[in-house]
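Spelled out from the first residue to the last, the chains are:
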Amino acid sequence: MVTGRLAALLLRVALRRWPVELRAELSREWAAELHELARTGRRWTMLRFAASLATSRAATSPDRTPVPGRLWRTAGVLLLAPPACIAVIVVALVMNVAYGWLSFGVLRATAARLPIWSMVAAGLGVLLALVVTRAARRTVRVGALPTALGVVLPIAATLAVVLGWFASRNESGLVETVPGLLLWLALLVPALWAAGALARRGRTWSAWLVGLLGALVAADAAVVLTVVSTIPATATFTDQPPDAVDRISAPLWLFTCLTDWSFGLPRPTRWERFLITDQVLLEPMFYLACTPYAVAYAIAAARPARAPVSAAEPAPVPA
């Protein structure tokens with residue numbers, strides 16, 4: 001029948017205006033209602049019902065955004081976030097240096113400079129994550145693995161540019177940082193992948209837990225690799241403290257770089273902490289600044305769109 005085909009066409013138009021994850025359920029409900037109206041002979045009522053679905057405003061409309069615009073927004077978020085993390089480190093460093101000048105000669109203030117730098121970097125990183133989370137809700141939604149790669153690859157490109165700039169200035173010690181950075185990027189991908197996969201299933205709290213723990217393990221492993229590859233485990237005996245770091249304290253090295261503290265444990269010693277923070281200083285701060293936004297984007301881009309509770313299904317018009 002003509003009315004049946006026209007109602008089916010209007011139903012398809014209505015479904016395209018709703019989020020993809022809601023279409024299957026809505027299609028079944030609306031098709032059942034149309035079938036009941038057709039079965040009882042209320043074909044004009046069926047057409048009015050289908051037309052009301054096609055013209056009513058959807059609860060959420062992320063799919064109505066033009067695809068090119070969403071692509072540009074996605075590229076902008078993912079490409080600008082890593083340089084923003086570098087800006088976070090610079091701002092935190094400037095604030096830390098200013099704090100050092102103001103507290104010059106105060107022993108406790110000097111000992112607190114590294115923790116303060118870490119806290120400022122973490123706080124600014126969280127603020128960046130909030131901005132990215134808001135923007136991620138209107139970006140292109142793809143699978144968990146492509147999202148993870150889309151987050152990590154711009155970070156890798158930014159690091160390549162920064163390392164190239166330092167290399168042009170003949171800075172020393174760049175080669176030693178590369179293995180740790182590559183390991184961090186490699187381990188960050190599965191962490192974001194797992195977080196996105198959990199968020200796609202609606203398990204948001206589990207996604208945050210897995211994402212943050214995975215990113216923490218990635219950063220810790222990267223710091224361990226850098227220290228192991230640059231500082232020996234043992235050294236020949238001299239009158240000065242040996243330039244060596246005992247491997248037994250390896251799991252704490254990331255936190256040592258961020259706090260300059262041994263957490264009351266005998267290792268790493270004060271001299272070992274000096275060697276570690278002298279060799280690995282900027283990388284942990286970069287990991288700290290990037291982790292909040294990376295995990296936040298992976299989760300926000302994977303979470304299904306939510307329809308407001310007040311949005312109700314249009315009721316059929318009585319004959």
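This text goes with the structure placed above it.
Presented here is a report on the structure given in the accompanying data block. (Residues numbered from 1 in each chain as written. Predicted model: local features only at pLDDT ≥ 70, side-chain atom pairs only at ≥ 80, totals over all residues. Heavy atoms only, no water.)

**Quick word on the overall build of the protein**
Broken down by element type, the protein carries twelve helices and zero strands. Ordered by position in the sequence, the α and β elements of the protein form the string α-α-α-α-α-α-α-α-α-α-α-α. Here the protein holds 319 residues, and 38% of them are scored as buried. Partitioning the contacts of the protein with sequence separation of at least 6, the portion at a separation of at least 24 is 75%. Element-wise, carbon and sulfur atoms account for 68% of the exposed surface of the protein, whose accessible area totals about 17800 Å². (Helix = DSSP H or I, 4+ residues; strand = E, 2+ residues; numbered from the N terminus. Buried < 20%, exposed > 50% of the residue type's maximum accessible area, 1.4 Å probe, protein only. Contact = heavy atoms within 4.5 Å. Areas by Shrake-Rupley, 256 points an atom, 1.4 Å probe, with all protein chains shown as cover.)

**Side note on the pattern of salt bridges**
Two side chains with opposite charge may pair up if their charged atoms get near one another. In this structure the tally under the stated criterion is two salt bridges. A salt bridge links Arg273 to Asp260, with the nearest nitrogen and oxygen atoms 3.4 Å apart. In this pair, Arg273 sits in helix H11 (residues 270–279) while Asp260 sits in the loop between helix H10 (253–259) and H11, placing the two residues 13 residues apart along the sequence. By relative accessible area, Asp260 is classed as partly exposed at 31%. (Salt bridge = Lys/Arg side-chain N within 4 Å of Asp/Glu carboxyl O.)

**What about a nonpolar patch on the surface?**
Residues Leu145, Leu149, Leu153 and Trp193 make up a contiguous nonpolar surface patch of about 360 Å² in total accessible area. Tracing the backbone shows Leu145 in helix H7 (residues 144–168). Overall, Leu145 belongs to the partly exposed group, its relative accessible area being 31%. (Patch = residues over 30% accessible without salt bridge, like charges linked within 9 Å, V, L, I, M, F, W, Y side chains within 5 Å.)

**Description of helix H12 (residues 282–300)**
Helix length check: H12, at 19 residues, gives a terminal C-alpha distance of 28 Å against a target of 27 Å (1.5 Å per residue), a fit within 8%. Along H12, the helix axis deviates most sharply at Cys290, where the bend reaches about 35°; the proline Pro292 sits within four residues downstream. Extensive coverage of H12 is indicated by the burial of 17 of its 19 residues. (Expected span 1.5 Å × (residues − 1). Bend = angle between axes of the 7 residues up to and from the residue.)

**Structural notes on the nonpolar core**
In terms of nonpolar packing, the biggest core is built from 61 residues, with Ile155, Trp184, Leu192, Phe286 and Tyr293 touching the most fellow members. Looking at this core, the elements with two or more residues in it are helix H4 (67–102), helix H6 (113–136), H7, helix H8 (174–200), helix H9 (204–230), H10, H11 and H12. Sorting elements by how many residues they give to this core places H12 first, with 13 residues. Beyond its immediate chain neighbours, meaning those up to four positions away, Trp184 contacts Ile155, Leu159, Ala218, Ala219, Ala222, Phe286, Tyr287 and Cys290. Counting 14 residues, the second-largest nonpolar core is a separate cluster that includes Ala14, Trp18, Phe49 and Ala50. (Core = buried A, V, L, I, M, F, W, Y, C linked by side-chain atoms within 4.5 Å.)

**Things to note about the side chain of Ser118**
Summarising the element assignment, Ser118 is placed in helix H6. A relative accessible area of 6% places Ser118 in the buried class. With sequence-adjacent residues up to four places away left out, Ser118 is seen in contact with Leu258, Met285 and Leu288.

**Observations regarding the packing of H8 against H9**
Axis separation between H8 and H9 bottoms out at 8 Å; the angle between their running directions is 170°. Here H8 lies roughly antiparallel to H9, going by the angle between them. Classifying every residue of the contact of H8 with H9 gives 18 nonpolar, seven polar and one charged. (Axes fitted to C-alpha atoms, helices over the stretch in contact; angles between N-to-C directions. Parallel < 35°, antiparallel > 145°, perpendicular 65-115°, else oblique. Nonpolar A, V, L, I, M, F, W, Y, C, P; charged D, E, K, R; others polar.)

**A look at the side chain of Ser249**
Structurally, Ser249 is set in the loop between H9 and H10. Residues within four places of Ser249 in sequence aside, it is in contact with Arg267 and Pro268.

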